[in-house]
Amino acid sequence: MSVGAVQYRTGGERDLNSLGGLIKKIPIAFPGGLLGISGLIEIPLTNGFVSKWLIYKTLIVEGYPFLTFAALIGTWGTILSVYKFLHNMFLGQLPEKYKDVEKSPFSMQLPMIVLSLAILLFGILPGILLKVINTIGTSFGFESLNISLWGITSETGTLNTINIFFAVLVAAVLIWLLFRLGVKSVSVPQEDSYAAGAHIPKDKYHYTAEFYNPLYRMIKSFLRDMIDEFYYWIASSVQRLSDSVKRVYAGDVGYYVMYIILFLAFLIFVQLKWKPW
Amino acid sequence: MVTEVMQIILSPVLALIVGVFFLGLARKIMARIHWRYGPPLIQPVIDMIRLFYQKGVSHGSMFDLGLILSLAGSIVVVLFLPFGRICPLSGSGGLLVILYIMLLAPLGMALSGGQGANPNISIGISRKLILSLGYEVPLLPCCWR
């Protein structure tokens with residue numbers, strides 16, 4: 001939805017690398033997108049975390065180390081990809097041509113607000129949904145889980161999201177109060193920043209393309225696609241075989257007569273040698 | 001009840017003191033490896049006090065909120081870590097929660113940095129996220145007893 005809001009206001013721009021810095025221009029879309037990706041990458045206190053916790057617990061208790069590892073790698077792939085997507089749209093340098101972008105209409109903001117609140121609600125109080133899932137599970141004959149409104153209690157571990165929520169909230173409020181005690185910071189525009197002693201030229205730098213180049217450099221040698229190479233080898237050898245088979249149909253009557261005579265000669269040879277008929 | 005509250009209040013403070021002095025120690029050791037004398041052990045404390053009274057700049061609301069989120073995430077991770085037998089929030093989740101709350105610190109810093117227009121910020125963000133991938137993957141084998 002936040003992608004839709006951005007696309008609607010920037011005139012159907014689909015190239016992520018040409019966007020950027022829209023956080024203040026399209027205000028509701030940024031928190032909506034942030035909470036959406038938080039739910040996707042399973043930050044605690046969003047809806048994805050509880051399911052991820054259950055998946056990990058099951059994998060660990062049942063003893064599947066490699067699947068757990070695969071789940072973590074998958075999570076990190078999600079984190080890196082969706083963070084780049086959010087950064088390219090809303091953070092970074094605002095291009096000159098989007099200086100006058102209007103904010104999205106209310107009919108686009110309302111669903112984002114409702115769904116963001118739902119993500120937080122089901123993340124902080126997962127029991128609402130887990131109770132329904134638990135009744136479905138028991139109707140299929142599985143053991144009933146011990147579920148409260150804010151978590152799961154089992155012999156392998158407990159999860160209490162409301163404690164985590166209050167811990168994060170209290171810590172954030174305390175830090176905010178501490179920041180308030182210090183000297184108040186001055187709000188400056190985004191371009192008021194320096195790189196290597198020089199002022200940042202406008203519309204010159206938007207370093208978002210090839211965001212994870214260091215990672216790609218590291219894992220490039222592991223990314224050799226062996227399965228694809230195998231398929232290509234099968235395809236090329238089948239093609240070579242078919243080419244040689246195709247030569248049999250020469251299109252000349254003389255060749256076919258020769259094949260018939262050779263086959264008859266082969267049959268006569270077999271009859272003379274082993275006498276099967 | 002009182003001891004629990006004391007544990008919850010004291011463990012982040014203890015972690016802050018230990019962390020700050022570890023940072024000073026790390027800088028000292030790094031300096032000795034470079035064949036330098038290095039800053040004093042309490043240099044991070046001096047920096048903190050100086051930055052507290054220095055006029056700062058802000059690029060917007062996310063610039064401030066990201067920093068708060070980052071530090072709050074770090075403090076909550078401390079509440080889940082055991083200090084000897086003291087572990088204030090051990091009943092609310094285990095290592096898996098630590099594994100995912102650890103994400104808040106780099107994420108908050110990345111969001112906060114993203115509001116500036118400096119191209120070096122993007123390089124820093126990508127490095128920070130890749131580094132935290134490197135921290136979390138070795139932590140996962142600890143889930144097995």
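Cut-offs and rules
- Residues numbered from 1 in each chain as written.
- Chains lettered and ligands numbered in written order.
- Predicted model: local features only at pLDDT ≥ 70, side-chain atom pairs only at ≥ 80, totals over all residues.
- Domains from an automatic or database assignment.
- Helix = DSSP H or I, 4+ residues; strand = E, 2+ residues; numbered from the N terminus.
- Contact = placed C-beta atoms within 7 Å.
- Nonpolar A, V, L, I, M, F, W, Y, C, P; charged D, E, K, R; others polar.
- Pairing = 2+ DSSP bridges.
- Buried ≥ 20, exposed ≤ 12 C-beta atoms within 10 Å, placed from the backbone.
- Axes fitted to C-alpha atoms, helices over the stretch in contact; angles between N-to-C directions.
- Parallel < 35°, antiparallel > 145°, perpendicular 65-115°, else oblique.

**What about the domain arrangement of chain A?**
Thought 1: Domain boundaries assigned for chain A yield domain 1 (2-124 + 183-223) and domain 2 (226-274).
Thought 2: Relative placement of domain 1 of chain A and domain 2 of chain A: their C-alpha centres are 59 Å apart.

**Some points on the environment of Ile-55 of chain A**
Thought 1: Relative to the assigned elements, Ile-55 of chain A resides in helix α3 (residues 47-62).
Thought 2: Once the C-alpha coordinates of Ile-55 of chain A and Ile-79 of chain A are considered, the two residues, 24 residues apart in sequence, prove to be 18 Å apart.

**Focus: the interface of chain B and chain A**
Thought 1: Between chain B and chain A, the contact holds 48 residues from the first and 50 residues from the second.
Thought 2: Classifying every residue of the side of chain B that touches chain A by side-chain character gives 30 nonpolar, 16 polar and two charged.
Thought 3: Judged from the two bridges that link them, strand β4 (residues 186-187) of chain A and strand β1 (residues 57-58) of chain B form a sheet pairing that is parallel. Its bridge partner lying in β1 of chain B, Ser-187 of chain A is registered against Ser-58 of chain B.

**Notes on helix α5 (residues 104-113) of chain B**
Thought 1: Of all the 10 residues making up α5 of chain B, 10 are buried; the element is thus mostly covered by neighbouring parts of the structure.
Thought 2: Where α5 of chain B is concerned, the buried positions are Leu-104, Ala-105, Pro-106, Leu-107, Gly-108, Met-109, Ala-110, Leu-111, Ser-112 and Gly-113 of chain B.

**Observations concerning the packing of helix α3 (residues 61-80) of chain B against α5 of chain B**
All names here are of chain B.
Thought 1: Orientation of α3 relative to α5, taken along the N-to-C sense of each, is 170 degrees, at an axis distance of 7 Å. Our classification of the angle between α3 and α5 gives roughly antiparallel. Residues Met-62, Phe-63, Gly-66, Leu-67, Leu-69, Ser-70, Gly-73 and Ser-74 of α3 pack against Leu-104, Ala-105, Gly-108, Met-109, Leu-111 and Ser-112 of α5.
Thought 2: Taken together, the residues of the contact of α3 with α5 sort by class into eight nonpolar, six polar and no charged.

**Looking at the environment of Thr-58 of chain A**
Thought 1: Along the polypeptide, Thr-58 of chain A turns up in helix α3.
Thought 2: Spatially, the C-alpha atom of Thr-58 of chain A lies 14 Å from that of Ala-70 of chain A, the residues being 12 residues apart in sequence.

**Comments concerning the sheet that holds strand β2 (residues 151-154) of chain A**
Residues and elements named next belong to chain A.
Thought 1: Sheet architecture is open: three strands sit in the order β1-β2-β3, paired in antiparallel fashion. What marks the edges here is a single partner per strand, and that holds for β1 (146-148) and β3 (157-160). Averaged over all pairs of adjacent strands, the angle between strand axes in this sheet comes to 25 degrees, irrespective of strand direction.
Thought 2: Direction of pairing for β1 relative to β2: antiparallel, over a ladder of three bridges. Paired with Asn-146 across the two strands is Thr-153, which belongs to β2.
Thought 3: Here helix α7 (residues 161-181) sits on the sheet in contact with β2 and β3, set at roughly 50 degrees to β3.

**Brief notes about the domain arrangement of chain B**
When the parts come together, some accessible area is lost, and that loss is often what is quoted as the size of the interface.
Residue and element names in this part refer to chain B.
Thought 1: When its domains are assigned, chain B resolves into domain 1 (1-56) and domain 2 (57-145).
Thought 2: Distance between the C-alpha centres of domain 1 and domain 2: 18 Å.
Thought 3: Taken together, the contacts link eight residues of domain 1 with eight residues of domain 2.
Thought 4: Per-class residue counts for the side of domain 1 that touches domain 2 are four nonpolar, three polar and one charged.

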